[in-house]
Amino acid sequence: MSGLKLFNTKSGVTEVTPHLAGVEGDVQDLVEAHMETMLGVRFLASEYSTGPLHGGRIDSLGIDENGAPVIIEYKRGTDAGVMNQGLFYMAWLVDHRDAFRHLVRDRLGVHAAAQVLWSAPRLICVAGDFTRYDIHAVREHRHAIDLVRYRYFGSEHFGLETVVSFAGRAAAPKTGSRSRGTAKAQRTATAGGTMAELAAAVDEVLLGLGEDLTKVSNQTYTAYRRMQNYACLVPPKKAKLLVYLKADPAKVDLVLGFARDVTGLGHHGTGDLELTLQSERDLERAADYFRESYAVA
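Reading the values: rules and limits
Residues numbered from 1 in each chain as written. Predicted model: local features only at pLDDT ≥ 70, side-chain atom pairs only at ≥ 80, totals over all residues. Heavy atoms only, no water. Buried < 20%, exposed > 50% of the residue type's maximum accessible area, 1.4 Å probe, protein only. Helix = DSSP H or I, 4+ residues; strand = E, 2+ residues; numbered from the N terminus. Pairing = 2+ DSSP bridges. Patch = residues over 30% accessible without salt bridge, like charges linked within 9 Å, V, L, I, M, F, W, Y side chains within 5 Å. Areas by Shrake-Rupley, 256 points an atom, 1.4 Å probe, with all protein chains shown as cover. Salt bridge = Lys/Arg side-chain N within 4 Å of Asp/Glu carboxyl O. Lys, Arg positive; Asp, Glu negative; His and termini not counted. Charge placed at Lys NZ, Arg CZ, Asp CG, Glu CD. Expected span 1.5 Å × (residues − 1). Core = buried A, V, L, I, M, F, W, Y, C linked by side-chain atoms within 4.5 Å. Contact = heavy atoms within 4.5 Å. 1 Å grid on protein atoms, 1.4 Å probe; cavity = no way out; pocket = protein on both sides within 12 Å on 5 of 7 lines; lining within 4 Å. Points joined across faces, edges and corners; volume = space filled by probe spheres on them. Nonpolar A, V, L, I, M, F, W, Y, C, P; charged D, E, K, R; others polar. Bend = angle between axes of the 7 residues up to and from the residue.

Moving on, we get to the pairing of strand β8 (residues 157-166). Buried residues dominate β8, accounting for 9 of its 10 residues. With 4 bridges joining them, strand β1 (residues 5-8) and β8 adopt antiparallel strand pairing. Pairing of F7 across the sheet is with F158, part of β8. One ladder, built from 9 bridges, connects strand β7 (residues 144-153) with β8; its direction is antiparallel. Of the residues in β8, the one forming a bridge with Y150 is L160. Connecting β7 to the antiparallel partner β8 that follows it, the hairpin turn spans 3 residues, and G154 within it adopts a positive phi of roughly 65°.

Structure representation (structure tokens):
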């Protein structure tokens with residue numbers, strides 16, 4: 001379980017007494033208004049109709065920072081049906097890819113629509129709480145699912161806490177013997193053996209920071225995420241690896257040739273802090289930067 005993340009919704013002094021929303025729609029409205037900040041997801045549509053035959057309305061539709069489609073469903077309190085409802089809509093979405101691509105094209109442009117990552121669609125359930133049956137069921141499904149608990153704190157702060165995050169059965173495995181399989185695949189795909197071994201070590205370290213971490217790969221990078229990306233690893237080049245982190249470049253030590261601020265500069269992956277790794281020693285130096293980024297994601 002990740003730590004509680006608080007978002008200031010107004011200015012002024014806040015109370016700290018946690019409570020639920022008066023109505024479900026209040027949570028939906030707040031998350032939709034700040035979706036990219038809270039979830040790392042760009043907002044596309046609210047109450048999206050799945051048509052007269054299917055007869056449903058998706059609470060929120062979005063696309064995450066890696067290009068994956070995201071369905072978000074909300075419940076005021078504890079509701080055992082929230083995940084099943086979301087999976088019902090997920091099945092519709094996967095069968096109606098053109099409708100989603102058209103929505104992305106209309107909202108974000110042709111390039112974004114061409115880059116949709118259909119290998120990793122996500123369901124995010126935001127609710128007052130979840131049952132142990134919900135938490136168990138998440139791991140029985142093939143889709144990526146995040147169960148997120150919310151709370152209001154007074155009238156000024158809103159908190160989100162990831163209860164469980166599952167990358168889906170088709171996603172890359174995390175640790176142990178399966179990580180060795182990932183390392184083998186990287187060695188096969190990369191001509192430079194030394195850099196491939198370093199990439200495998202970076203992969204192990206990035207996934208080892210918490211139980212709430214998942215990863216997803218696209219054509220240009222592999223993202224390591226909690227609710228949002230905290231690190232992106234670009235495929236190894238001949239003599240170096242590039243890792244992009246969510247940590248604020250203004251709050252860490254920038255070291256010439258190792259850590260630099262790339263705010264406003266185009267690059268693969270997400271994050272404004274770039275690390276250049278060329279050796280195991282660089283990986284050791286990177287550990288504090290990784291932890292700082294993990295803490296803020």
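We now examine a negative patch on the surface. A contiguous patch of negative charge on the surface is contributed by D248, D261, D272 and E292. Note on placement: D248 falls in the loop between β12 (241-245) and β13 (259-261). Note on D248: relative accessible area 36%, which makes it partly exposed.

Inspection of the secondary structure puts V27 in helix α1 (residues 24-33). On a C-alpha basis, the gap between V27 and G128 in space is 9.9 Å, while along the polypeptide they are 101 residues apart.

Our next topic: helix α3 (residues 82-95). Taking 1.5 Å as the rise per residue, α3 with 14 residues should run 20 Å; its terminal C-alpha atoms sit 20 Å apart, in good agreement. Considered for burial, the residues of α3 that qualify are V82, M83, G86, L87, Y89, M90, W92 and L93.

This part is about the nonpolar core. Counting 30 residues, the largest nonpolar core has L61, I71, M83, F100, V104, L123 and L147 as its most contacted members. It is α3 that provides the largest number of residues to this core, a total of 7 residues. Ignoring anything within four residues of it in the chain, the contact list for L123 reads I71, E73, M83, G86, L87, M90, A144, I145 and D146. Judged by nonpolar contacts, the second largest core, of 28 residues, contains M195, Y230, L245 and V252.

So, on to the layout of surface pockets. What the largest pocket holds in volume is close to 750 Å³. What lines the largest pocket is a set of 27 residues, and nearest its centre among them are R42, E65, N66, Y221 and T270. Contributions of two or more residues to the lining of the largest pocket are made by β4 (57-64) and α5 (110-114). Sorting elements by how many residues they give to the lining of the largest pocket places α5 first, with 3 residues. Of the residues that constitute the lining of the largest pocket, the class distribution is 8 nonpolar, 12 polar and 7 charged.

In the case of a regular strand, side chains alternate between the two sheet surfaces. Sheet topology places strand β9 (residues 214-217) next to strand β10 (residues 222-225); 4 bridges connect them, and they run antiparallel. Residue pairing for β10: K215 is matched across the bridge by Y224. The hairpin turn running from β9 into β10, its antiparallel successor, is 4 residues long.

Summarising the element assignment, N229 is placed in strand β11 (residues 229-233). Residues N229 and E65, spaced 164 residues apart in sequence, show a C-alpha to C-alpha distance of 7.6 Å.

Right, let's get into helix α9 (residues 280-296). For α9, which comprises 17 residues, the first-to-last C-alpha distance of 25 Å matches the rise-based estimate of 24 Å (1.5 Å per residue) to within 8%. Residue A286 marks the point of greatest curvature in α9, where the axis turns by about 40°. If you check which residues of α9 are buried, you get D282, L283, A286, Y289, F290, S293 and Y294.

So, on to the pattern of salt bridges. Scanning the model with the defined rule gives 13 salt bridges in all. With a closest N to O distance of 3.5 Å, E65 and K246 form a salt bridge. Here E65, found in the loop between β4 and β5 (69-74), pairs with K246, found in the loop between β12 and β13; they are 181 residues apart in sequence, far enough to count as distant. Assessed through its relative accessible area of 23%, E65 is described here as partly exposed. Residue classification places K246 among the partly exposed positions, given a relative accessible area of 25%. Linking D98 and R101 is a salt bridge whose minimum nitrogen-to-oxygen distance equals 2.6 Å.

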